[in-house]
Amino acid sequence: RAGEIMFYPSGLKPGDTIRVVAPAAYNCSDEWERCRELLCEWGYKVKASPFVGSQWGYLAGRDEERARDLEAAFMDNECAAVLCLRGGYGTTRILDLIDYDLIRRNAKLFIGFSDITALHTVFRQVCDMAVIHGPMALSLGRKSSDFTREGFKDMLTSPWKKRILTEKTAGLQPLVEGRACGRLGGGNLMLLSVTSGTPYACKEDNVILFLEEVGEEAYSLDRMFRQLEQSGLIDRAAAVLFGEFHRCIPTEKADGEFTVEEVIRQYARRWQKPAVFGIPAGHGEDNLCLPLGVYCTVDVRSDSVTITYGGAQRR
């Protein structure tokens, strides 16, 4: 039954407070302050959770501390949205420490990507709460394009409204023709891969599966694609949307190598699900906000792509 009824947290109003949390790696720069300035410029208040400034090895505090800090953000009545500081590493370490009933009872707009994929998956499946795959405090403050910032600003007020992507508006490439409907899900390929076979794996049926990655070689992507396949996730997927594979190599053909795009195309053909390449979301400057948990329709033809998501949702 999980996922049949989804809760869609309200968008923000001017003057609302956004709380920044650090469930993964520690703050390595002052770029989140630039994000704070931007959010304040847009008319929001910003509150930093205590562990935004903490460090324990490569993590923003010990596991128990980060789990309690995340819960505190959802219990904060002054807070209307929870924005993750960054990804990196460490989110999977707190999955078995979180009180998911507490999260469900205090559902809020929750935003992040990359390592945060682990939380996105469990929040959708266990808490029945739709989430936003989108820029975090450091990426928004550091390298975000006008496209990213404008989309993020629009998402904060209207997170679940109807949106349409096409080959003309977003540079999408058709890989496998077909039409499919389902809920939008997925995220970072590595996190979906390492959680497969655990209680926190993506188990959604009929999912429109979005995938993105950063800094991996083609052979590693190959291994993870096959793991998703062998875990049964691809069988349950209705369609596959390949996003940005930022700094993944090789991008040009060399002897004894497949390029990243060749590996993607191989698996798209192998899976024979409606498939698209080039969703402008992931670790690059252009990072489209994707509302995970909304209904989505994918229509892929030889010369066109239309992806429609959001709009009126069944609560």
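Details of the structure are given in the entry above.
Residues numbered from 1 in each chain as written. Predicted model: local features only at pLDDT ≥ 70, side-chain atom pairs only at ≥ 80, totals over all residues. Heavy atoms only, no water.

Draft legend 1. Examining the pattern of salt bridges more closely. Throughout the structure, instances matching the rule amount to 21 salt bridges. Of the charged contacts, one joins Lys-13 and Asp-16 as a salt bridge, the two residues approaching to 3.8 Å between their closest N and O atoms. Residue class for Lys-13 comes out exposed when judged on its relative accessible area of 53%. Taking the relative accessible area as the measure of exposure, Asp-16 reaches 16% and is therefore buried. Arg-19 is the partner of Asp-76 in a salt bridge, and the nearest nitrogen-oxygen pair spans 2.9 Å. (Salt bridge = Lys/Arg side-chain N within 4 Å of Asp/Glu carboxyl O. Buried < 20%, exposed > 50% of the residue type's maximum accessible area, 1.4 Å probe, protein only.)

Draft legend 2. Looking closely at the nonpolar core. Judged by nonpolar contacts, the single largest core of 79 residues is most densely connected at Phe-110, Phe-123, Phe-152, Leu-156, Ile-279 and Ile-307. In terms of residue count, the dominant contributor to this core is strand 3 (residues 79-84) (five residues). If near-sequence neighbours (up to four positions away) are discounted, Phe-152 is found in contact with Leu-39, Trp-42, Leu-83, Ile-111, Pro-135, Leu-140 and Cys-289. Residues Val-207, Ala-218, Leu-233 and Ala-237 belong to the second largest nonpolar core, which totals 28 residues. (Core = buried A, V, L, I, M, F, W, Y, C linked by side-chain atoms within 4.5 Å. Helix = DSSP H or I, 4+ residues; strand = E, 2+ residues; numbered from the N terminus. Contact = heavy atoms within 4.5 Å.)

Draft legend 3. How the structure looks around empty space enclosed by the protein. If you walk through the whole model with that rule in mind, you get one cavity of 30 Å³ or more. Approximately 40 Å³ is the volume found for the largest cavity. What lines the largest cavity is Phe-113, Pro-135, Ser-139, Lys-143, Ser-144, Thr-148, Gly-284, Glu-285 and Asn-287. Residue composition of the lining of the largest cavity, grouped by class: two nonpolar, five polar and two charged. (1 Å grid on protein atoms, 1.4 Å probe; cavity = no way out; pocket = protein on both sides within 12 Å on 5 of 7 lines; lining within 4 Å. Points joined across faces, edges and corners; volume = space filled by probe spheres on them. Nonpolar A, V, L, I, M, F, W, Y, C, P; charged D, E, K, R; others polar.)

Draft legend 4. Focus on the sheet that holds strand 13 (residues 295-301). Strand order in the open sheet made by the eight strands is 6-14-13-8-9-10-11-7, with mixed pairing throughout. Each of the sheet's edge strands pairs with one partner strand only, and the pair in question is strand 6 (163-166) and strand 7 (173-176). Put simply, the sheet's adjacent strands are angled 25 degrees from each other on average, direction ignored. Sheet topology note: the strand 9 (residues 207-214)/strand 10 (residues 237-246) ladder contains seven bridges and is parallel. For Leu-211, the partnering residue across the bridge sits in strand 10 and is Phe-242. (Pairing = 2+ DSSP bridges. Axes fitted to C-alpha atoms, helices over the stretch in contact; angles between N-to-C directions.)

Interpretation in functional terms is not warranted from these geometric data alone.
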